[in-house]
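Coordinate inspection notes
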Amino acid sequence: MIVGTQSGKVNEDFWKEKYRDRWGPASRREQMVAALLEEEAGCTVVAGPGLGAGSAEYLPGAAHRHGAERGGADLQVEGTNVYVEVTGPLAASVGPEADLWIRPDKIESALRHPERDTWVVHALHDNQTLRVVHLDAAFERAYRNGRFEVLTPTIQGAQERYVAVPATSDYVESIGALIDHLCSVRDDACAPSLESGAQS
């Protein structure tokens, strides 16, 4: 049987069922990132166009059946065109020196919407190491030119695909870069960034 199909038909819930036990921790991580941005940049963060963003509720069926976008970002900053995708490993074995893995469908979704200013927030298992990748025009050029390796690991018995961005890449920055960016696009005063804090 082909992964993601049942009896020749596409199984729209294959990946959701496979990672159902991770929805809770992933949802809490999204809420933590939203709260951090609100506190540090004085902004309001709401759920983005992605399916089930900010929630651990199980939503069967394809994203479009729920008015959501496949691969859409988890969060959106009100009053701006900034969208935030939250990702990262839940396993403690992945350290800060490891590549940052980003799903290609998340990248492609962002690049299909150039009117959106999309950032990836990558968190390690303890949610204390937060880094960002800005999916801007420079990143798109590097991505289209094959600068980043595409990995196809087998995880929990199924083959997956990830774009591996080296931790030492110029495209990887502190969470403070996103906070500073949010401050720059807002008219009112912002709190200082976390460049040297525990979240860097």
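What counts, and at which threshold
- Residues numbered from 1 in each chain as written.
- Predicted model: local features only at pLDDT ≥ 70, side-chain atom pairs only at ≥ 80, totals over all residues.
- Heavy atoms only, no water.
- Buried < 20%, exposed > 50% of the residue type's maximum accessible area, 1.4 Å probe, protein only.
- Helix = DSSP H or I, 4+ residues; strand = E, 2+ residues; numbered from the N terminus.
- Pairing = 2+ DSSP bridges.
- Core = buried A, V, L, I, M, F, W, Y, C linked by side-chain atoms within 4.5 Å.
- Contact = heavy atoms within 4.5 Å.
- pLDDT = per-residue confidence, 0-100.
- Axes fitted to C-alpha atoms, helices over the stretch in contact; angles between N-to-C directions.
- Phe/Tyr/Trp six-rings, centres within 6.5 Å; stacked < 30°, edge-to-face > 60°.

**Some thoughts on the pairing of strand β12 (residues 162-165)**
Because side chains alternate across β12, one face comprises the buried residues Y162 and A164, and the other comprises V163 and V165, equally buried. The sheet contact formed by strand β6 (residues 100-102) and β12 spans 3 bridges and is antiparallel. Each bridged residue has a counterpart across the sheet, and for L100 the counterpart in β12 is V165. For strand β9 (residues 149-151) and β12, the ladder comprises 3 bridges, and the chain directions are antiparallel. Residue pairing across strands places V150 opposite V163, the latter belonging to β12.

**Observations concerning the nonpolar core**
Of all hydrophobic cores here, the largest spans 23 residues; its most connected members are L37, V84, V121, I175, L178 and L182. Considering each element in turn, this core owes the most residues, 6 residues, to helix α5 (residues 175-184). Once you skip the residues sitting within four places of it in the chain, L182 turns out to touch L37, A41, C43, V77 and V82. Listed in part, the 16 residues of the second largest apolar core include V133, A142, V163 and V172.

**Here's the deal with the confidence of the model for the chain**
Averaged over all residues, the pLDDT of the chain is 82; the fraction at 70 or higher stands at 72%. Contacts from residues 1-7, a stretch scored under 50 in pLDDT, to residues over four places away or in other chains number 11 contacts.

**As for the sheet that holds strand β3 (residues 45-47)**
With respect to topology, 6 strands assemble into an open sheet ordered β3-β4-β5-β7-β8-β13, the strand pairing being mixed. Single-partner strands in this sheet number two, and they are β3 and β13 (172-174). In this sheet, adjacent strand axes meet at a mean angle of 35° when their direction is disregarded. Note: strand β7 (residues 117-123) against strand β8 (residues 130-134), 5 bridges, orientation antiparallel.

**Regarding the sheet that holds β6**
If you walk across this open sheet you meet the 3 strands as β6-β12-β9, and the pairing is antiparallel. Only two strands of the sheet have a single partner each, and these edge strands are β6 and β9. The mean angle between the axes of side-by-side strands here comes to 35°, regardless of whether they run parallel or antiparallel.

**Focus: the packing of aromatic side chains**
In this description, an aromatic ring pair is defined by two values, namely the gap between the centres and the angle between the planes. Across all of its chains, the model carries 5 aromatic pairs by this definition. With centroids separated by 5.1 Å and ring planes inclined at 20°, the aromatic side chains of F139 and F148 adopt a geometry described as stacked. Across the pair, exposure class does not vary: F139 and F148 are buried alike. Consider the rings of F139 and Y171, whose centres lie 5.9 Å apart with planes at 85°: the pair is edge-to-face. Note that F139 is positioned in helix α4 (residues 137-144) and Y171 in the loop between β12 and β13, a separation of 32 residues in sequence. Residue classification places Y171 among the buried positions, given a relative accessible area of 17%. Three or more aromatic residues link up through ring pairs in this structure, and these residues are F139, Y143, F148 and Y171.

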